[in-house]
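# Observations on the model geometry
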Amino acid sequence: YTILSKVHSDRNVYPSAGVLFVHVLEREYFKGEFPPYPKPGEISNDPITFNTNLMGYPDRPGWLRYIQRTPYSDGVLYGSPTVENVGKPTIIEITAYNRRTFETARHNLIINIMSAEDFPLPYQAEFFIRNMNVEEMLASEVLGDFLGAVKNVWQPERLNAINITSALDRGGRVPLPINDMKEGVYVMVGADVPFSSCLREVENPQNQLRCSQEMEPVITCDKKFRTQFHIDWCKISLVDNTKQVSTFQEVIRGEGILPDGGEYKPPSDTLKSRDYYSDFLITLAVPSAIALVLFLILAYIMCCRREGVEKRNMQTPDIQLVHHSAIQKSTKELRDMSKNREIAWPLSTLPVFHPVTGEIVPALHTDSYDNTSMPLMQTQQNLPHQTRIPQQQSAGQY
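Residues numbered from 1 in each chain as written. Predicted model: local features only at pLDDT ≥ 70, side-chain atom pairs only at ≥ 80, totals over all residues. Heavy atoms only, no water.

### Quick look at the state of the cysteines
- Applying the stated criterion across every chain, the model contains 2 disulfides.
- Cys-198 shares a disulfide with Cys-221; S-S distance 1.5 Å. Where Cys-198 bonds to Cys-221 through sulfur, the torsion about that S-S bond is close to -75 degrees, and the disulfide is left-handed. Within this pair, whereas Cys-198 is found in helix H4 (residues 197–200), its partner Cys-221 is found in the loop between helix H5 (205–212) and helix H6 (223–226), the two being separated by 23 residues in sequence.
- On the basis of relative accessibility, which here comes to 8%, the residue Cys-198 falls in the buried class.
- On the basis of relative accessibility, which here comes to 6%, the residue Cys-221 falls in the buried class. (Disulfide = S-S within 2.5 Å. Helix = DSSP H or I, 4+ residues; strand = E, 2+ residues; numbered from the N terminus. Buried < 20%, exposed > 50% of the residue type's maximum accessible area, 1.4 Å probe, protein only.)

This is the structure we're talking about:
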């Protein structure tokens, strides 16, 4: 494929500082720059992805985020501009990639941040909506429905959406792909009137206790949101900027003149040689000598100061020594008796009669024979005085 790059004309937008900014990157806007499918009459539905960055930098400004779920959905740039960027045009380079033909189309988005007259709004509330994803909440009709519900509850004269943040950007987990679960989204809105009594119900001790027990609090105005938005009232945040005490401390500035410390004298270029012999003695020789003395003392105690058996016997009671000696003597006698005991001879070793002559055959053992290794039964091959019995001859042979 031939990779081409086409550049659109620049586009200017004028968001206000402190107010939610949403810009949709529509795929239909870039489809005209890419060739259609080879078959005539077939509708082009190429996968298109976008890359956005600040001109001259690899990423976007800190207040600007971008999301695109799939290559077949539109991309969305959103965020809340800050006061520091007022009057400074922010140029965002948008590059569209056609994943079928590998072609690119590019144009610049110039963001001219304007200052808001009543910014910042003093009363700000942040809601956590559990059944929405960030791209769903950024849709103009969905965001309009949510602001309408908040306006019915709050009754302000001026109400603006300040910022929208995905729960994943706040450390939330990716939801399981079951039951059409959503990741959740935080929506911050600001108004010019104090919070209504309904929103203040979250601060009641009873509701705080229910939240600590992971139970849903009882909010009277929840039914106005429940039809479309499932709000986690335990995660709502109410900020009153009119009661916040400034922690800025005034800096006491002096005359800006340092005290006179005399004329500066840099070190000389020539360095004198230094003797490190004394340092060696202090760091190595002295600890080694102390270790050697301790080793000699320990060796003398362990080898030359042994008390021995005599001192042990002197410190042992006499009755304990007598008992110990008696036990040793009895043990020795029992061992001697076990060596000299006689074992009953098995029947196979007793004298037997000769089967032919009738004489008594002596025993198979002698007095010096080791009877401990003698088997209980002797086979016929092992008998020394075995006499063969004449076998019966066959008939006709005598």
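### Looking at the UniProt feature "transmembrane region" (unreviewed entry) in the protein
- The UniProt entry lists residues 280–303 under the feature "transmembrane region" (unreviewed entry), expressed in the numbering used here.
- Taken end to end, residues 280–303 has its terminal C-alpha atoms 33 Å apart, with 100% of it in helix and 0% in strand. (UniProt positions renumbered as here; feature names shortened; annotations may be inferred.)

### A look at the nonpolar core
- In terms of nonpolar packing, the biggest core is built from 39 residues, with Phe-127, Met-137, Phe-146, Trp-154, Val-189 and Trp-233 touching the most fellow members.
- For this core, the elements supplying multiple residues, two or more each, are strand S6 (75–79), strand S9 (123–129), helix H2 (134–137), helix H3 (140–154), strand S10 (159–166), strand S11 (185–191) and H4.
- Among the elements that line this core, the one with the most residues is H3, at 8 residues.
- Viewed by domain, this core spans two of them, domain 1 (5–113) and domain 2 (123–240), each represented by three or more residues.
- Phe-146 has contacts with Phe-127, Ile-129, Met-137, Val-187, Val-189, Phe-225, Phe-229 and Ile-231, leaving out every residue within four places of it along the chain. (Core = buried A, V, L, I, M, F, W, Y, C linked by side-chain atoms within 4.5 Å. Domains from an automatic or database assignment. Contact = heavy atoms within 4.5 Å.)

### Topic: unusual backbone geometry
- In this structure, Gln-155 takes a positive phi of about 60 degrees despite not being glycine.
- Within the secondary structure, Gln-155 sits in the loop between H3 and S10.
- Classification of Gln-155 by relative accessible area gives exposed; the value is 56%.
- Residue Glu-214 is not a glycine yet carries a positive backbone phi of 60 degrees.
- Here Glu-214 is to be found in the loop between H5 and H6.
- Residue classification places Glu-214 among the exposed positions, given a relative accessible area of 76%.

### Some points on the packing of aromatic side chains
- Considering all chains together, one arrives at 12 aromatic pairs under this definition.
- Residues Phe-127 and Phe-225 carry aromatic rings whose centres are separated by 6.2 Å and whose planes lie at 35 degrees to one another, so their mutual orientation is tilted. Of this pair, Phe-127 sits in strand S9 while Phe-225 is found in helix H6, placing the two residues 98 residues apart along the sequence. Like Phe-225, Phe-127 is buried.
- Ring plane angle 50 degrees and centroid distance 6.1 Å describe the contact between Phe-146 and Phe-225, whose orientation is recorded as tilted. Highlighted residues: Phe-146 in helix H3 and Phe-225 in helix H6, separated in sequence by 79 residues.
- An aromatic cluster of three or more residues is present, and its members are Phe-127, Phe-146, Phe-225, Phe-229 and Trp-233.
- In this structure, Arg-170 is placed above the aromatic ring of Tyr-186, and the distance from its NZ or CZ to the ring centre is 4.4 Å. (Phe/Tyr/Trp six-rings, centres within 6.5 Å; stacked < 30°, edge-to-face > 60°. Lys NZ or Arg CZ within 6 Å of the ring centre and 35° of its normal.)

### Examining the sheet that holds strand S5 (residues 64–67)
- Sheet architecture is open: 3 strands sit in the order S3-S6-S5, paired in antiparallel fashion. Looking at the sheet topology across the chains shown, the edges are occupied by strand S3 (21–25) and S5. On average, each strand axis in the sheet is inclined to that of its neighbour by 20 degrees, with strand direction left out of account.
- Relative to S6, S3 runs antiparallel, the two sharing 5 bridges. (Pairing = 2+ DSSP bridges. Axes fitted to C-alpha atoms, helices over the stretch in contact; angles between N-to-C directions.)

### Concerning the pattern of salt bridges
- Evaluation of the coordinates by the stated rule reveals 11 salt bridges.
- Notably, a salt bridge pairs Glu-135 with Arg-69, separated by 2.9 Å at the nearest N-O pair. Of this pair, Glu-135 sits in helix H2 while Arg-69 sits in the loop between S5 and S6; the two residues are 66 residues apart in sequence, bridging distant segments of the chain.
- If you follow the salt bridges from partner to partner, you end up with Arg-69, Glu-135 and Glu-183 in one network. (Salt bridge = Lys/Arg side-chain N within 4 Å of Asp/Glu carboxyl O.)

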